[in-house]
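Residue-level structural notes
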Amino acid sequence: MSFDFLIVGAGFAGSVLAERIASQLGKTCLVVERRNHIGGNAYDHHDRAGVLVHDYGPHYFRTNSQRIVDYLSQFTEWHPVEYKILSWTHGRFWQFPINLNTFEELIGRPSTTEEMEAQLAEWRVKIANPKNSEEVIVSQVGWKLYEMFFQNYTRKQWQRDARQLDPSVCGRIPIRTNRDDRYLSEKFQALPKNGYTSMFQKILSHPKIDVWLNTDYREVRQHVRFGHLIFTGPIDEYFDHCFGRLPYRSLRFEPETLPQEYFQPAMQVNYPNDHDFTRIVEIKHARGQKLPSTTIVREYPQNFGPGHEPYYPIPAPDAKALYSKYAERAALEKNVGFVGRLATYRYYNMDQIVGMALAEFNRLRISRQYQVSVAQPSMLSPAFL
Ligand SMILES: Cc1cc2nc3c(=O)[nH]c(=O)nc-3n(C[C@H](O)[C@H](O)[C@H](O)COP(=O)(O)OP(=O)(O)OC[C@H]3O[C@@H](n4cnc5c(N)ncnc54)[C@H](O)[C@@H]3O)c2cc1C
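Analysis parameters
Numbering of residues starts from 1 in every chain and runs along the sequence as written. Residue-level local features of this predicted model are given only where pLDDT is at least 70; pairs of side-chain atoms are given and counted only at 80 or more, and the full residue set underlies all totals for whole chains, interfaces and linings. Helix and strand definitions here come from DSSP, where helices need a minimum of 4 consecutive H or I residues and strands a minimum of 2 consecutive E residues; each element is numbered from the N-terminal end. Restricting the calculation to C-alpha atoms gives the radius of gyration, and the globule rule supplies 2.2 Å times the number of residues raised to the power 0.38. In this text, near has one meaning. A residue is near a molecule or strand if its C-beta atom, placed using the backbone, is within 6 Å of it. Each residue is assigned to one of three groups, with Ala, Val, Leu, Ile, Met, Phe, Trp, Tyr, Cys and Pro labelled nonpolar, Asp, Glu, Lys and Arg labelled charged, and all others, Gly among them, labelled polar. To form a nonpolar core, buried Ala, Val, Leu, Ile, Met, Phe, Trp, Tyr and Cys residues must be joined through C-beta atoms within 7 Å. Counts of 20 or more other C-beta atoms within 10 Å of a residue's own C-beta define buried residues, counts of 12 or fewer define exposed ones, and intermediate counts define partly exposed ones; C-beta atoms are placed from the backbone. Either an automatic procedure or a domain database provided the assignment from which the domain bounds are taken. The contact rule is simple: place each C-beta atom from the backbone, and if two of them lie within 7 Å, those residues are in contact. Pairs of strands are assigned from DSSP output, requiring at least two bridges between the strands. Residue-level confidence of the predictor, termed pLDDT, takes values from 0 up to 100. By convention, orient the strands away from the viewer: a clockwise path from the first strand over the helix to the second makes the crossover right-handed. Simply put, an axis is a line fit to the C-alpha atoms, just over the touching stretch for a helix, and the angle between two N-to-C directions goes from 0 to 180 degrees. Roughly parallel refers to an angle under 35 degrees, roughly antiparallel to one over 145, roughly perpendicular to one between 65 and 115, and oblique to any angle outside these ranges. The hand of a helix crossing depends on one turn: near helix anticlockwise from the far one by less than a right angle means left-handed, and clockwise means right-handed.

Assigned secondary structure in the chain consists of 13 helices and 17 strands. For a compact globule of 385 residues, the expected C-alpha radius of gyration is about 21 Å, and the chain comes in at 22 Å, within 12% of that figure. With the C-alpha coordinates of the chain rotated into their principal frame, the extents come out at 75 × 50 × 40 Å.

Here it is, written out as structure tokens:
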């Protein structure tokens, strides 16, 4: 068996590259995926209650890039969503991310942007260049709001204090003094109309793309001939962990279907200070599916180890230093591209991964720095999709 490209992983990174290479360069691609489905962490499916659930945590698609919307729109229509979430603490729900409504809830009366800004100016801790996640938040809203909403949530999620984590971890949560109560600020916020998996099926349905599920790269690398490799799995695994294992944070998802239309007042409720789980997601809110039952998912942060998926690279200096060793080694590999969040050991949103894959494709196309397999395969066509 021989293919021009062997692509490891059928998430956004691997699937977008396979689609571009097959449709624009006319080259053959074998995509191997060790899970039993395509879509990577964005995979979704209809559960027994009929709810379109996200198996690996809620995936809220959003972007400011029209180019990425245009690219993906070839494979899906969209269901616009304004993602709204709440936080539960001190015995009640609060609007989150912090905005003027949260401030009013806190002081127990109507207020204004001017009053909120004046109050935050008093509460803020003066830090010119915040160097970690704790400093980022206290320099914007002070200790009280930090302790209510961020301190323990971050500890639960990362098993590290916010002051041990990069500014970007808490810094990406907006803080607003107006009434904009959307979770996210990007211009385009929507879910694929028929779900992510359906979109991925279209991305990968090209005659020059074969997809083998339940297949680990390590099992096929000796048996399949290929010219160029695109690797979207964990970079330390590619090098047999020669410098040690990169640390990750993992998650356990606990779904529960309930015989009622809705369980909670919003799509996502954060639990910064109560319970062992960080959040309960009721994704049905996002699509407005009309069903008599609902499914909620409790999300428990876990240590990463055998049997656990590597979800979040640890955004801290020690982990980054270890990654740099692998990155240096990767730069010496010939005819291999390392693309995606596991291969570059960094948390990215889906749109950023699509952007990364499109950029890698352009680099390949322009530089033509890829080997093409010598013999053309008699293509297998396993009905995996
Ligand atoms: C809990 C959670 C919530 C998230 N929510 C959002 C969100 O709301 N919005 C957003 O934009 N982004 C979100 N993300 C980020 C999003 O999941 C990623 O941006 C995206 O999935 C990255 O795509 P990828 O292709 O790089 O990686 P993945 O989706 O992880 O795909 C990599 C694939 O490679 C496969 N693989 C690895 N090693 C091998 C091997 N040796 N052989 C064969 N196959 C292999 C894996 O099984 C996996 O399917 C979230 C992530 C998590 C963990």
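Having seen the model, we can carry on.
Close contacts around the ligand come from 33 residues, with Gly 9, Gly 11, Gly 40, Gly 233 and Gly 340 the closest. Contributions of two or more residues to the shell around the ligand are made by helix H1 (12-25) and helix H13 (350-367). If one sorts the elements of the shell around the ligand by residue count, H1 sits on top with three residues. Grouping the amino acids of the shell around the ligand by side-chain chemistry returns 17 nonpolar, eleven polar and five charged.

Our focus in this paragraph is unusual backbone geometry. Note the cis peptide between Phe 96 and Pro 97, where omega equals 0 degrees. For Pro 97, the location among the structural elements is in the loop between strand S8 (92-96) and helix H3 (100-107). If you check the backbone angles, Asn 214 has positive phi at about 50 degrees while not being a glycine. Along the polypeptide, Asn 214 turns up in the loop between strand S10 (209-212) and helix H9 (217-220).

Below, the discussion takes up the nonpolar core. One finds Ile 7, Leu 17, Ala 18, Cys 29, Val 31 and Ala 357 to be the most contacted residues of the largest nonpolar core, which totals 90 residues. The element contributing the most residues to this core is helix H5 (residues 133-149), with eight residues. In terms of domain composition, this core takes at least three residues from each of domain 1 (2-45 + 65-78 + 190-246 + 312-367) and domain 2 (98-171). Sequence-distant contacts of Val 31, that is, excluding residues within four places in its chain, are made with Ile 7, Ala 10, Gly 14, Ala 18, Leu 204, Ile 209, Asp 210 and Val 211.

Taken in spatial order, the seven strands of this open sheet run S8-S7-S13-S14-S15-S12-S16, and their pairing is mixed. Where the open sheet ends on each side, the last strands, each with one partner, are S8 and strand S16 (312-313).

With that settled, the discussion passes to the confidence of the model for the chain. Taken as a whole, the chain shows an average pLDDT of 94; of its residues, 96% reach a score of 70 or greater. The low-confidence segment residues 375-385 (pLDDT under 50) makes 21 contacts with residues lying over four places distant or belonging to another chain.

Per the domain assignment, the segments making up the chain are domain 1 (2-45 + 65-78 + 190-246 + 312-367) and domain 2 (98-171). Between the C-alpha centres of domain 1 and domain 2 there is a distance of 36 Å.

What follows deals with the pairing of strand S1 (residues 2-8). Counting buried positions along S1 yields six of seven residues, so the element is predominantly enclosed. Here six bridges tie S1 to strand S11 (residues 225-231), and the two strands are oriented parallel to one another. The residue bridging Leu 6 from the neighbouring strand is Leu 229, located in S11. In this structure, S1 lies alongside strand S2 (residues 29-32), joined through four bridges in parallel fashion. Paired with Phe 5 across the two strands is Cys 29, which belongs to S2. Taken together, S1, H1 and S2 form a β-α-β motif whose crossover is right-handed.

Taken together, three strands build an open sheet; the order of strands is S5-S9-S6 and the sheet is antiparallel. The open sheet terminates on both sides in strands that have one partner only, identified here as strand S5 (62-63) and strand S6 (78-80). Pairing between S6 and strand S9 (residues 188-192): three bridges, direction antiparallel. Paired with Pro 80 across the strands is Ala 190, a residue of S9.

Bringing the environment of Lys 334 into the picture now. Relative to the helices and strands, Lys 334 resides in the loop between helix H12 (317-331) and strand S17 (336-338). With 8 C-beta atoms counted inside 10 Å, the residue Lys 334 sits in the exposed group. Along the sequence, Lys 334 and Val 81 sit 253 residues apart, while their C-alpha atoms lie 43 Å from each other.

Turning to the packing of H1 against helix H8 (residues 196-204), a few remarks are in order. Between H1 and H8, whose axes approach to 9 Å, the crossing angle comes to 30 degrees. In terms of orientation, H1 and H8 fall into the roughly parallel class. Packed against H1, whose contacting residues are Ser 15, Val 16, Ala 18 and Glu 19, the element H8 presents Phe 200, Ile 203 and Leu 204 at the interface. For the contact of H1 with H8, the per-class residue count stands at five nonpolar, one polar and one charged.

Attention now goes to the packing of H1 against H13. Where H1 contacts H13, the two axes come as close as 9 Å, and the packing angle between them is 35 degrees. Taken as a pair, H1 and H13 cross one another with a handedness that is right-handed. Contacts from Phe 12, Ala 13, Val 16, Leu 17, Arg 20, Ile 21, Gln 24 and Leu 25 in H1 reach Met 350, Ile 353, Val 354, Met 356, Ala 357, Leu 358, Glu 360, Phe 361 and Arg 365 in H13.

By secondary structure assignment, the location of Ile 353 is in helix H13. Taking the C-beta count within 10 Å as the criterion, Ile 353 has 24 such neighbours and is therefore assigned buried. When the C-alpha atoms of Ile 353 and Arg 109 are compared, they prove to be 43 Å apart, with 244 residues separating the residues in sequence. Ignoring anything within four residues of it in the chain, the contact list for Ile 353 reads Phe 12, Ala 13, Gly 340, Arg 341 and Tyr 348.

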